[in-house]
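# A closer look at the structure
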Amino acid sequence: MSLSRQIAALLLCLFGWSSVLAAPSVCPIRQNQPLRYIDEFDGEPSGLATLEPDVAKERYGHWVLGYIYDEGRFATIRCKYADKQTHDVQLAKRVEQCSYSINAKNVLQVTCK
């Protein structure tokens, strides 16, 4: 492989990873109130259809959600902050998967794609 193709392949990989790493969090950032917990619901939270993660590790996990949209429904994430306030985010557009991760500083982040 030529040097220019190697560089092009490397740049493509870097841009791909940067879009994954820079994905915005689903939960709004609140000044001095870190995100502590999240719940995922099939539909409105009032329906009490809480979803368990498909993968749930100590510092990361995810929910597979495409099947909910295939049935004509939607998902909602409930963001729970340190001050006990909550914020519901309805995922009206189709989402295949929502993932969570907790970094070394114990900051929780949720992304959906």
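You'll find the structure just up there.
Residues numbered from 1 in each chain as written. Predicted model: local features only at pLDDT ≥ 70, side-chain atom pairs only at ≥ 80, totals over all residues. Heavy atoms only, no water.

## Remarks on the side chain of Thr76
Rules: Elements are defined by DSSP. Helices are runs of H or I of four residues or more, strands are runs of E of two residues or more, and each kind is numbered from the N terminus. Any pair of nitrogen or oxygen atoms within 3.5 Å is treated as a polar contact; in protein, a donor-acceptor pairing is required on top of that, and neighbouring residues in sequence qualify only through side-chain atoms on both sides. Working rule for contacts: check all heavy atoms of both residues, and any pair within 4.5 Å makes them a contact.
Note that Thr76 resides in strand S5 (residues 75–81). A distance of 2.8 Å separates a polar atom in the side chain of Thr76 from the backbone oxygen of Gly43. Once residues within four sequence positions are removed from consideration, Thr76 is found in contact with Asp39, Glu40, Phe41, Gly43, Glu44, Pro45, Asp88, Val89, Gln90 and Leu91.

## Here we look at the packing of aromatic side chains
Rules: Geometry of aromatic contacts follows a simple scheme: Phe, Tyr and Trp rings, the Trp one being its six-membered ring, pair when their centres are within 6.5 Å, and the pair is stacked under 30 degrees between planes, edge-to-face over 60, tilted otherwise. The rule is short: NZ of Lys or CZ of Arg within 6 Å of the ring centre and within 35 degrees of the ring normal puts a charge over the ring.
In this structure the tally under the stated criterion is one aromatic pair. Residue placement shows Arg30 over the ring face of Tyr81; its charged tip is 4.8 Å from the ring centre.

## What to know about the sheet that holds S5
Here is the rule we go by: Criterion used throughout: strands pair if DSSP finds at least two bridges between them.
Reading across the sheet, the four strands line up as S2-S1-S5-S6 and stay open at both edges, with antiparallel pairing between neighbours. At either end of the open sheet lies a strand with only one pairing partner, and these are strand S2 (50–51) and strand S6 (86–91). Inspection of the sheet shows strand S1 (residues 35–42) paired to S2 by two bridges, in the antiparallel sense. Bridged to Phe41 within S2 is Thr50.

## Some thoughts on the state of the cysteines
Operational definition: Criterion for a disulfide: a pair of cysteine sulfur atoms at a distance within 2.5 Å. Note on classification: 1.4 Å probe, protein chains only; a residue is buried when its accessible area is under 20% of the maximum for its type, exposed when over 50%, partly exposed between these limits.
All told, the structure shown has two disulfides when counted by the stated rule. One disulfide bridge connects Cys27 with Cys79, the sulfur atoms lying 2.0 Å from each other. Given an S-S torsion of about -85 degrees, the disulfide between Cys27 and Cys79 has left-handed geometry. With Cys27 in the loop between helix H1 (3–21) and S1 and Cys79 in strand S5, the pair connects residues that are 52 residues apart, well separated along the chain. In this pair, the class of Cys27 matches that of Cys79, namely buried. Between the sulfur atoms of Cys98 and its disulfide partner Cys112 the distance amounts to 2.0 Å. Taking the torsion about the sulfur-sulfur bond, which here is approximately 105 degrees, the covalent link between Cys98 and Cys112 counts as right-handed. Taken together, the positions of Cys98 in strand S7 (residues 97–102) and Cys112 in strand S8 (residues 108–112) put the pair 14 residues apart, joining distant regions of the chain. Residue classification places Cys98 among the buried residues on the basis of a relative accessible area of 0%. Residue class for Cys112 comes out partly exposed when judged on its relative accessible area of 25%. Once the disulfide-bonded cysteines of the chain are ranked by sequence position, their pairing pattern turns out to be 1-2, 3-4.

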